[in-house]
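# Coordinate analysis (summary)
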Amino acid sequence: TELLGKSERSAYSTLGVCMFYAIGYVILPIFAYYIRNWRMLLLALTIPEVLYIPFWWLIPESPRWLISQGRATEAEKIVQAFARKNGITHVGVIFQHVNTQEYTLLNSTVGQTHSYGFLDLIRTANIRNITILSFLVWMTTSIGYFVLTLGTPNMYGDPYLNCFISAASEIVAYTMAWWMVSHAPRRLSTASMLILSGVILLFIQFIPPSLHILTTALVMVGKAGITISFAIVYVFSAELYPTVVRSMGIGICSMASRVGSIISPYFVYLGTYNRILPFMLMGAFILLAGTFTLLLPETRDHPLPENVQQVQPIRCLCRPIAQHHSESEASKTPSQQEIKVQNGSVFSLPNSTPGPS
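Cut-offs and rules
- Residues numbered from 1 in each chain as written.
- Predicted model: local features only at pLDDT ≥ 70, side-chain atom pairs only at ≥ 80, totals over all residues.
- Heavy atoms only, no water.
- Core = buried A, V, L, I, M, F, W, Y, C linked by side-chain atoms within 4.5 Å.
- Buried < 20%, exposed > 50% of the residue type's maximum accessible area, 1.4 Å probe, protein only.
- Helix = DSSP H or I, 4+ residues; strand = E, 2+ residues; numbered from the N terminus.
- Contact = heavy atoms within 4.5 Å.
- Expected span 1.5 Å × (residues − 1).
- Phe/Tyr/Trp six-rings, centres within 6.5 Å; stacked < 30°, edge-to-face > 60°.
- Salt bridge = Lys/Arg side-chain N within 4 Å of Asp/Glu carboxyl O.
- Axes fitted to C-alpha atoms, helices over the stretch in contact; angles between N-to-C directions.
- Parallel < 35°, antiparallel > 145°, perpendicular 65-115°, else oblique.
- Nonpolar A, V, L, I, M, F, W, Y, C, P; charged D, E, K, R; others polar.
- UniProt positions renumbered as here; feature names shortened; annotations may be inferred.
- pLDDT = per-residue confidence, 0-100.
- Left-handed = near helix turned anticlockwise from the far one by under 90°.

Looking now at the nonpolar core. Core analysis: the largest hydrophobic core is formed by 48 residues, its most contacted members being Leu121, Ile127, Ile130, Leu201, Tyr241, Val245 and Met282. For this core, the elements supplying multiple residues, two or more each, are helix H1 (6–34), helix H7 (125–150), helix H8 (159–183), helix H9 (186–203), helix H10 (212–240), helix H11 (246–270) and helix H12 (277–295). The residues touching Ile130, leaving out its near neighbours within four places in the chain, are Leu240, Tyr241, Leu296, Pro297, Val311, Gln312 and Ile314.

Here it is in structure tokens:
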């Protein structure tokens, strides 16, 4: 997230991360069809993970994070390497005043390097509200996603084919998510998809049990809506948290998602007592998650926050609930305004044409 610009960040988070997740999901039923022993299946699915090991040396550190820690020299080397790979020469010094003016601006409340921890995710009212709402949205979305995913074998028809169709539908869903991230507000996109899914899941209880195809189609549409919201919320949450705690914020959200995935099999198990009960519960919870999303601030076309004081307040429909306590815009100097613009995208390189890094 912090290495890429706005448009590249959106494409990577949807068509990059999520699309390859969907491709792996498509491959899963093919593996399972030919490898029926579950131990051998787990071994076949786990061995490719050794390919992650070289990433330790291939992926550079985030220049934004290095700057927030006062390590301007390391950030300078990384961005200079980006410039060389893009064929940009004679860049000059990029972060020439980072240890004085810019660094003081980004860390104005502490005045020196501050070691941030997980408590900083709840230290101020604005970031505490963001953390609580994000935790609930991620957990509920994860429950809905995995309930519908784990319930695929219980649908009418061949379980391997149903799983394959469910996986293939996610490719379409992630393509739609990429379009929505590029052209629509994050808050409304996520909320609308969650509300649509919740309404569909609540509507399923009125479908007669004999209409298997219609029920399956509605479940796939509901799952597509949750899948789209899951893809968007990755981008959305990363843009809500400031640089100094962004990785910890996404870590907490991911933990909430894993809590949801742990709970989800018990929702599926309720279907053995009543076929409609899991859909009713999930429809209600997902509608609640959509409502929570409407309280979050919009981040599209906004610069990424760098410190905790720049976190936006939560909203009540269209209006902020609390004033954003940060430095007054009127008190900022022209150089400070320029820094804010620069922090909204990939670090600008003077006298150069940016290219993919």
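Turning our eyes to something else, we now look at H7. Across its 26 residues, H7 extends 37 Å between first and last C-alpha, which sits within 8% of the 38 Å expected from 1.5 Å per residue. For H7, the tally of buried residues reaches 19 of 26 residues, placing the bulk of the element in the interior.

Time to look at the packing of aromatic side chains. Under the definition given, this model contains 12 aromatic pairs. Plain terms: the ring middles of Tyr269 and Tyr273 are 5.8 Å apart, the flat faces sit at 85 degrees to each other, and that makes the pair edge-to-face. With a relative accessible area of 63%, Tyr273 lands in the exposed category. These aromatic residues form a ring-pair network of at least three members: Tyr21, Trp138, Tyr145, Phe146, Phe230 and Tyr234.

To continue, consider the pattern of salt bridges. Applying the stated criterion across every chain yields a total of 6 salt bridges. Of the charged contacts in the structure, one is a salt bridge between Glu239 and Arg186, with a shortest N-O distance of 3.0 Å. Remark: Arg186 occurs in helix H9 and Glu239 occurs in helix H10; sequence separation between them is 53 residues. By relative accessible area, which is 5% here, Glu239 ends up buried.

Put simply, H1 and H8 touch, their axes get as near as 9 Å, and they point 175 degrees apart. It follows that H1 is roughly antiparallel to H8 by the angle criterion. Here the contact of H1 with H8 is built from residues that sort into 22 nonpolar, 4 polar and 1 charged.

In this numbering, the UniProt entry assigns the feature "transmembrane region" (unreviewed entry) to residues 12–35, 41–59, 130–147, 159–181, 188–207, 213–236, 248–270 and 276–296. Helix and strand shares over residues 130–147 are 100% and 0% respectively, and the end C-alpha atoms of the span are 26 Å apart.

So, on to the confidence of the model for the protein chain. Taken residue by residue, the protein chain gives an average pLDDT of 79. The fraction at 70 or more is 82%. Considering only residues more than four positions removed or in separate chains, one finds that residues 98–112, a stretch of pLDDT under 50, has 30 contacts. Low pLDDT, under 50, characterises residues 323–357; the predicted model gives this stretch 58 contacts beyond four residues in sequence or across chains.

Here we come to unusual backbone geometry. With a phi close to 65 degrees, Asp301 is a non-glycine residue in the positive phi region. Classification of Asp301 by relative accessible area gives exposed; the value is 51%.

Bringing the environment of Tyr266 into the picture now. Counting through the fold element by element, Tyr266 comes out in helix H11. Put simply, Tyr266 and Ile143 are 123 residues apart on the chain and 10.0 Å apart in space, counted from C-alpha to C-alpha.

Interhelical geometry of H1 versus H10 gives an angle of 140 degrees and a closest axis separation of 10 Å. The angle between H1 and H10 places the two elements in the oblique class. Crossing hand, H1 versus H10: right-handed. Taken together, the residues of H10 that come into contact with H1 (itself represented by Arg9, Ser13, Thr14, Cys18 and Tyr25) are Lys223, Ala231, Val235 and Glu239. The class makeup of the residues in the contact of H1 with H10 is 4 nonpolar, 2 polar and 3 charged.

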